[in-house]
Each structure stands twice: as C-alpha cells, then as structure tokens.
Amino acid sequence: MSASRTFSKALRPLGRQLATPAAQRRTFVAAAGLVRASAVAAARTAAAPVAKQQTRGVKTIDFAGSKEDVYERADWPIEKLQEYFKNDTLALIGYGSQGHGQGLNLRDNGLNVIIGVRKNGKSWQDAIQDGWVPGKNLFEVDEAISKGTIIMNLLSDAAQSETWPHIKPQITKGKTLYFSHGFSPVFKDLTHVEVPTDVDVILCAPKGSGRTVRSLFKEGRGINSSFAVYQDVTGKAKEKAIAMGVAIGSGYLYETTFEKEVHSDLYGERGCLMGGIHGMFLAQYEVLREQGHSPSEAFNETVEEATQSLYPLIGKYGMDYMFEACSTTARRGAIDWTPRFKDALKPVFSDLYKSVKDGSETKRSLEYNSQPDYREKYEKELEEIRNLEIWRAGKAVRALRPENN
Ligand SMILES: NC(=O)c1ccc[n+]([C@@H]2O[C@H](COP(=O)([O-])OP(=O)(O)OC[C@H]3O[C@@H](n4cnc5c(N)ncnc54)[C@H](OP(=O)(O)O)[C@@H]3O)[C@@H](O)[C@H]2O)c1
C-alpha cells in the first residue's frame, strides 16, 4: 500500500520528494498532512490536558462518557508528604527496576526510606552505587522489615512467592504492606501470598519501567500510576495509597482494584504492548519476504515507519489524527482492513484474557521464573529473537537513520 499516489494540491510541492523510499515518503505526506490538520491539532492540543483544566479539588474526569476520579500530585506538595509520613519508615524490599526508581524518588522527596536486599546479590552492590549506606539505610531484608512501618514488597513476582513463608510472620499488626502489582495476593492460590488480616494492604503500580519512574521525576514530571486497596484495617488505606503513589513519583493516580490491575497488566503485556505486536510484525514481515520483497523493504514497511513516523502520531494525537495525516489511499485501505484484523484477533484476545483470569499465565510465569537457570533460558530465547532476520535487518536500518549519520 502506498500513501504517495493520491495527493491533494497542498501536497504537490512534495512531489519531488516522493521519489524517496516509501517509508520516508509517507513521513513527508504526514508532514503535509500536519499543516492541513493543524487547526484540528491546535484545538485538540488545547483540549488535551483535561486534568490540568480542572479546578483544584475537583478531580472527576470524563473519559469518553465514563466519569472517574483521578488524584494528582499537585494536591500533595512535598511539605505535606513529609508531614504525612513523618512517623514512618518506608522499608523497600528488593532493589531491581522499580526498587531503584521508587527508592531514589522517595529519598529525594526527603522521606525516611531504607532498602532491604540480600547481601550476596547484585542489588546490594547496585544500592551502594546509588548512595545507600550499609547499616544506615541499607540492610538485609529481615532487618529492614523489622525497622519499617510501611513494607514495600518490590521483589520480583516469583521471589515474592518464594520468600513469603519467611516474610509473612514479620508483617505484624501496625505495619502496612505495599505492592506494585496485584499478582501475589490476587493469585494467592498459586503464589501462596496470603496477607495477614490485621494490616493495611495497598498498591501503587507505575505505568512504566522503574527507569521511567526515575527519569520523569528528575525532569520534574510524574509517571501515571494506578493505585488500589486490598485490605483496609485502619480506615486510612486509600489515602495512604495515594500519598505513597505521589511519594514514589506519580503525577496522576488512577483508582483500580488489585484484581483489575493484575488482569489488565498481564493481558496488556501479552497483547498489544509486547506479545501481540511482535506476532503482528512477524506475520506481516514474513508475507512480504515470501512475496519477494527485500529485507530492508519488508522491515521499513513493517517496523521502521510504524515506530518512527506513525505510532508517535497516534501517541500524541490519536488514531484519527494519524489516519488524517496519511494519504487518502492509505486511509481508505486502513479503514477497510481494520474490521478484518479486529475480527481475526478478537478471539485470540478473548483466549488471552481467559488465560490471565484463570491463573494459567500466573502459573506459567511462576513455574518458569522460579527455575534456577531462568536467566540463562531467557537469554537463549532473546538471542533467538535477536537473530531473526527481521531484527537483524532492523539493526542495519537503524544504523542508517539520519541521527546516526
Ligand atoms: N519492572 C517494571 O517495569 C514494573 C512495572 C510496574 C510494576 N512492577 C512490579 O514491581 C515489582 C518489582 O519488579 P521489578 O521489575 O522491579 O523486579 P526485578 O527488577 O526483577 O527485581 C528483583 C529484585 O528481587 C530480588 N530477588 C530476586 N529473587 C530473590 C530472592 N529469592 N530473595 C531475595 N531477593 C530476591 C533481587 O535481588 P538480587 O539482586 O539480590 O537478586 C532484586 O532486588 C513486581 O511486583 C513487578 O510486577 C514492575
């Protein structure tokens, strides 16, 4: 499908540039489309930060007709956060991706945070490199839990299950148990993470990696997160969950339940976010190759143009905007083929959701990730992906991007 054949008067000056490869061509067309659609964009940009336009204190936001409460960092200035947690010690257990991001943000927010990790592991060294001091704010797991009032369980999900028989007796009345994923308590039949009945159990799940939690905080912005309450024994669990969300570096906080958080998260990463999109890239690429297209052409039409030109437009302004920014030829085909793809894929997504909800995905993940050699096994699988023709072609295409020359 070529976006270059049909162009309006406004696009004609671009005619000469259309002799360039298709991937770039559509970008030029998109650029012209941007001019034409600028009024729409301007209006949309003005309307985009809906939350910012709310009167302070009013946080009910209309998401396509469904009203939801959204909580914002602006209501928790640093003095209020420090006052709220002045009697707390936040014991953050595990210092992987989330531990690093959340821990450093808590420390920069001036809160009393300590890290608990095993002494012989990689995380201990990572924590020291980040300025945590053994005996002062870096301890072994048990010691950190004994000192903490809010226990942030940021071990890997498999490790949460493995270590729970040892950790559970230490979560005594008066402490709060915090997670960043609903995984362990929701799938307790599989993980055996049965929480004590006399403590608040809360969740804050950043919608991004720990690195992003940290980098957005350093830029003075906040990541979007969901928060939830699993068990409220003090009557203050919700407020605590929101305060914790802000303290770890969230900008806006969306309320959910532990169940909904874990179901949507496992589903999304297996679907459009990672597994599904990889499957779709592979299917499109393979057909192009079977039909005699070169690796570079197949890659450009499948991945490069998607990630470099079109998907960022979806991210910024929405699907209709991206369609509008492409040629009428491209637009016609995309609109016609959408239902075919949706109908073909929906049963797969339904199977996936079932597999998440009935615990099959959790079972698989726990079994696989508890194997002593799981890291080596993943590395082997990633090596296989790395060696697929599509991704080898991608490496060569990336090297030719303007910014790399
Ligand atoms: N990563 C994300 O993008 C993300 C996003 C949102 C939510 N979450 C959630 O946040 C939580 C933490 O995830 P993460 O990705 O930050 O984890 P991770 O990077 O996999 O961190 C693993 C941590 O667990 C420790 N650990 C592993 N096995 C252990 C064991 N048997 N005993 C003691 N410690 C052990 C590791 O210590 P050693 O170095 O000593 O092995 C390390 O500190 C999870 O619930 C996850 O679902 C993650």
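No experiment lies behind these values; they were computed from the predicted model shown.

A. Layout of the site of the ligand. What surrounds the ligand is a group of 22 residues, the closest being Tyr95, Gln98, Arg118, Ser123 and Asp157. Here an oxygen atom of the ligand and a side-chain polar atom of Arg118 are 2.9 Å apart. Glu162 is positioned such that a nitrogen or oxygen atom in its side chain is 3.4 Å from a nitrogen atom of the ligand. Protein contacts shield 77% of the accessible area of the ligand, which totals 910 Å² for the unbound molecule.

B. Region of interest: unusual backbone geometry. At Ala64, a position not held by glycine, the phi torsion is positive, near 50°. Its relative accessible area of 86% is what places Ala64 among the exposed residues. The phi dihedral of His192 is positive, around 65°, even though this residue is not glycine. Tracing the sequence through the fold places His192 in the loop between α10 (188-191) and β8 (200-206). A relative accessible area of 56% places His192 in the exposed class.

C. Just a nonpolar patch on the surface, in detail. Among the surface-exposed residues, Met280, Trp337, Phe341, Leu345 and Val348 lie close enough to one another that they form a single nonpolar patch of about 470 Å² accessible area. Per-element tally for the nonpolar patch: the top contributor is helix α17 (residues 328-357), with four residues. Within the secondary structure, Phe341 sits in helix α17. For Phe341, a relative accessible area of 42% corresponds to the partly exposed category.

D. Structural detail: the packing of helix α14 (residues 275-290) against helix α15 (residues 295-317). Viewed as axis vectors pointing N to C, α14 and α15 meet at an angle of 145°, and their least axial separation amounts to 7 Å. For α14 against α15, the interelement crossing comes out right-handed. Along its contact with α14, which presents Ile277, Phe281, Gln284, Tyr285, Leu288 and Arg289, the element α15 presents Pro295, Ala298, Phe299, Glu301, Thr302, Val303 and Tyr311. A class-by-class count of the residues in the contact of α14 with α15 yields nine nonpolar, two polar and two charged.

Parameters at a glance
- Residues numbered from 1 in each chain as written.
- Predicted model: local features only at pLDDT ≥ 70, side-chain atom pairs only at ≥ 80, totals over all residues.
- Heavy atoms only, no water.
- Near = heavy atom within 4 Å.
- Polar contact = N/O pair within 3.5 Å; in protein donor to acceptor, adjacent residues only side chain to side chain.
- Areas by Shrake-Rupley, 256 points an atom, 1.4 Å probe, with all protein chains shown as cover.
- Buried < 20%, exposed > 50% of the residue type's maximum accessible area, 1.4 Å probe, protein only.
- Helix = DSSP H or I, 4+ residues; strand = E, 2+ residues; numbered from the N terminus.
- Patch = residues over 30% accessible without salt bridge, like charges linked within 9 Å, V, L, I, M, F, W, Y side chains within 5 Å.
- Salt bridge = Lys/Arg side-chain N within 4 Å of Asp/Glu carboxyl O.
- Axes fitted to C-alpha atoms, helices over the stretch in contact; angles between N-to-C directions.
- Left-handed = near helix turned anticlockwise from the far one by under 90°.
- Contact = heavy atoms within 4.5 Å.
- Nonpolar A, V, L, I, M, F, W, Y, C, P; charged D, E, K, R; others polar.

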